[in-house]
Amino acid sequence: MANIKLTANEIEAANRAEATALLIRVGYRVYRPEADCYGEDLVLRIPSGRLRAVQLKSRMTVNRNKYGSTSLWMLFPSTKFSADVRREWFLVPHDTLYKLVKEKHGHAPKFDGEWSCQTVPTADLKFLAKFVVA
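Described in the following lines is the structure provided in the data block. (Residues numbered from 1 in each chain as written. Predicted model: local features only at pLDDT ≥ 70, side-chain atom pairs only at ≥ 80, totals over all residues. Heavy atoms only, no water.)

**Here we look at the overall build of the protein**
Line of reasoning, step 1. Helix and strand counts for the protein come out as four helices and seven strands.
Line of reasoning, step 2. For the protein, the succession of helices and strands along the chain, N to C, is α-β-β-β-β-α-β-β-α-β-α.
Line of reasoning, step 3. Relative to its length of 134 residues, the protein is compact, with a C-alpha radius of gyration of 15 Å against a globular reference of 14 Å.
Line of reasoning, step 4. Principal-axis analysis of the C-alpha atoms places the extent of the protein at approximately 40 × 40 × 30 Å.
Line of reasoning, step 5. Across the 134 residues in the protein, those meeting the buried criterion constitute 37%. (Helix = DSSP H or I, 4+ residues; strand = E, 2+ residues; numbered from the N terminus. Rg over C-alpha atoms; globule rule 2.2 N^0.38 Å. Buried < 20%, exposed > 50% of the residue type's maximum accessible area, 1.4 Å probe, protein only.)

The structure is reproduced here in structure tokens:
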């Protein structure tokens, strides 16, 4: 199979399809708002019946200015897509994820409330284990 370079929109569509299929298989109902407002890419009805506003990302991401102090949950994969690598998906409240990232990277000179990482750091997997979509 040829390795095709996808556009950002194609990657987002593929990630949405992958995440949606997984979420449905584990008991969530997935809704797509008509407009992407306030960071809400998806709205999930969790198995208990409650609704969650979700920001879908292709990588572990926090942004205090965009998503902080909201009720948004971040949905992201453990690593960049590769056909031969199984990815885990995480569904984490933004502010919980932000706190973890700030503790680890807040001292860095360029940390300004935004941070992302293409592959979830091994050191963070234990903390994130309770947020795995499974």
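Here the narrative resumes, following the displayed structure.
**Observations regarding unusual backbone geometry**
Line of reasoning, step 1. Located in the positive-phi region is Tyr38, a residue other than glycine, with phi close to 55 degrees.
Line of reasoning, step 2. Along the polypeptide, Tyr38 turns up in the loop between β1 (29-31) and β2 (42-45).
Line of reasoning, step 3. Of note in the backbone geometry, Ser69 takes a positive phi value of approximately 55 degrees without being a glycine.
Line of reasoning, step 4. Tracing the chain through its elements places Ser69 in the loop between α2 (64-67) and β5 (73-77).

**Examining the sheet that holds strand β6 (residues 89-93)**
Line of reasoning, step 1. As summarised here, the arrangement of the five strands in space is β1-β2-β3-β5-β6, forming an open sheet in which the pairing is mixed. If you trace the sheet from one side to the other, it starts and ends with β1 and β6, each paired once. Shown here is a sheet whose adjacent strand axes are inclined to one another by a mean of 30 degrees, direction ignored.
Line of reasoning, step 2. In terms of strand pairing, β5 meets β6 through five bridges, oriented antiparallel. What sits directly across from Met74, in β6, is Val92.
Line of reasoning, step 3. Contacts from helix α3 (residues 94-105) reach β5 and β6 within the one sheet, and its direction differs from that of β6 by about 95 degrees. (Pairing = 2+ DSSP bridges. Axes fitted to C-alpha atoms, helices over the stretch in contact; angles between N-to-C directions. Contact = heavy atoms within 4.5 Å.)

**Quick look at a nonpolar patch on the surface**
Line of reasoning, step 1. A cluster of nonpolar side chains, contributed by Ile4, Leu6 and Ile11, occupies part of the molecular surface with about 270 Å² of accessible area.
Line of reasoning, step 2. The residue Ile11 is located in helix α1 (residues 8-25) in this model.
Line of reasoning, step 3. Note on Ile11: relative accessible area 36%, which makes it partly exposed. (Patch = residues over 30% accessible without salt bridge, like charges linked within 9 Å, V, L, I, M, F, W, Y side chains within 5 Å. Areas by Shrake-Rupley, 256 points an atom, 1.4 Å probe, with all protein chains shown as cover. Salt bridge = Lys/Arg side-chain N within 4 Å of Asp/Glu carboxyl O.)

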